[in-house]
Amino acid sequence: MTAKIVLLNGIGSAGKSSIARALQGMTAEPYLHVEMDAFLEMLPEALQENMPGFAYRTNWEDGKPSVVIAAGPVGRRAMQGMRHAIAAMARQGNNLIVDDVMLDGEMAQYLELLSDFAVFRVGVFAPLDVLEARESERGNRLPGLARGQFDRVHEGQHYDLEVDTSLLSVQECALRIQRRFRL
């Protein structure tokens, strides 16, 4: 049996993890939820906001923070390892829901690594003001991450389905994904 992989791509605080959990509850077959954040949390604390892991630089745009993330060699290896781990899990027959923030060509690498599987690309959208409000409400996000990712995450991406979490509930988004791909 060929594994099926749902790739959720969107800005932090767009609702990818919530959609993934809701989708897990409605699929006919089991799906494992693979979160980018879980791989980031594997890094030692000292590399969470420091090279060679990840460095965060805040710029100001129209009086608002905009965070630019730079990955060092350890950070790049960790994220590269995540994509290869996802492929390895799929090769074992695991269906997967992957939630990621793809900024620099990661989608192309996913498609190459996962070419033997059924891959469904889903863009998770919301307006910037909604994302910034969610980012602020969560309290565990660096202010400005959404703004820093906003123009980059979906640039040049082609999706099999797009959902907007400002217009649809998490359940409605998950149901659209489940129905569209007959999961």
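Structure: see above.
Criteria and cut-off values
- Residues numbered from 1 in each chain as written.
- Predicted model: local features only at pLDDT ≥ 70, side-chain atom pairs only at ≥ 80, totals over all residues.
- Heavy atoms only, no water.
- Helix = DSSP H or I, 4+ residues; strand = E, 2+ residues; numbered from the N terminus.
- Rg over C-alpha atoms; globule rule 2.2 N^0.38 Å.
- Buried < 20%, exposed > 50% of the residue type's maximum accessible area, 1.4 Å probe, protein only.
- Contact = heavy atoms within 4.5 Å.
- Areas by Shrake-Rupley, 256 points an atom, 1.4 Å probe, with all protein chains shown as cover.
- Axes fitted to C-alpha atoms, helices over the stretch in contact; angles between N-to-C directions.
- Parallel < 35°, antiparallel > 145°, perpendicular 65-115°, else oblique.
- Left-handed = near helix turned anticlockwise from the far one by under 90°.
- Salt bridge = Lys/Arg side-chain N within 4 Å of Asp/Glu carboxyl O.
- Phe/Tyr/Trp six-rings, centres within 6.5 Å; stacked < 30°, edge-to-face > 60°.

## Some details on the overall build of the chain
- Tallying secondary structure elements over the chain gives 7 helices and 7 strands in all.
- Going residue by residue from the N terminus, the α and β elements of the chain occur as β-α-β-α-β-β-α-β-α-β-α-α-β-α.
- A compact globule built from 183 residues would reach a C-alpha radius of gyration of about 16 Å, and the chain, at 16 Å, matches this within 12%.
- Projected onto the principal axes, the alpha-carbon positions of the chain cover approximately 50 × 35 × 30 Å.
- Going through the 183 residues of the chain one by one, you find that 46% of them count as buried.
- Long-range pairs, those at least 24 residues apart, make up 72% of the contacts in the chain between residues at least 6 apart in sequence.
- Only carbon and sulfur atoms are counted for the fraction: they give 50% of the accessible area of the chain, which is about 9,400 Å².

## Some details on the packing of helix 3 (residues 73-91) against helix 4 (residues 106-113)
- Their axes nearest at 10 Å, the elements helix 3 and helix 4 cross at an angle of 30°. Between helix 3 and helix 4, the crossing angle belongs to the class labelled roughly parallel. For helix 3 against helix 4, the interelement crossing comes out right-handed. Within the contact between the two elements, helix 3 uses Gln80, Met82, Arg83, His84, Ile86 and Ala87 and helix 4 uses Glu106, Gln109, Tyr110 and Leu113.

## Thoughts on the pattern of salt bridges
- Tallied over the full model, the rule gives 5 salt bridges.
- Between Asp37 and Arg141 there is a salt bridge whose closest N-O contact spans 3.4 Å. Residue Asp37 is found in helix 2 (residues 36-40), and its partner Arg141 is found in the loop between helix 5 (128-138) and helix 6 (145-150); the two are separated by 104 residues along the sequence.
- A relative accessible area of 23% means that Asp37 is categorised as partly exposed.
- Here Asp160 makes a salt bridge to Arg121, at a shortest N to O gap of 3.4 Å. Of the two residues, Asp160 sits in the loop between helix 6 and strand 7 (161-164) while Arg121 sits in strand 6 (residues 118-125), which places them 39 residues apart along the sequence.

## Topic: the packing of aromatic side chains
- Taken as a whole and judged by the stated rule, the model has 2 aromatic pairs.
- Ring geometry for Phe120 and Phe181: centres 4.4 Å apart, planes at 25°, overall stacked. Of this pair, Phe120 sits in strand 6 while Phe181 sits in the segment after helix 7 (170-180), placing them 61 residues apart in sequence. Exposure class is identical for Phe120 and Phe181. Each is buried.
- Between the aromatic rings of Phe125 and Tyr159, the centroid separation amounts to 6.0 Å while the plane-to-plane angle is 90°, which identifies the pairing as edge-to-face. Of the two residues, Phe125 sits in strand 6 while Tyr159 sits in the loop between helix 6 and strand 7, which places them 34 residues apart along the sequence.
- With relative accessibility at 24%, the residue Phe125 sits in the partly exposed group.

## Here's the deal with unusual backbone geometry
- Cis peptide bonds are those with omega within 30 degrees of zero, and the linkage from Met51 to Pro52 qualifies with 15°.
- Assignment of secondary structure puts Pro52 in the loop between helix 2 and strand 3 (54-61).
- Its identity is not glycine, yet Asp62 carries a phi of approximately 50°, on the positive side.
- Look at Asp62 and you get exposed, because its relative accessible area is 79%.
- Of note, the phi angle at Arg182 is positive, near 50°, even though the residue is not glycine.
- Counting through the fold element by element, Arg182 comes out in the segment after helix 7.

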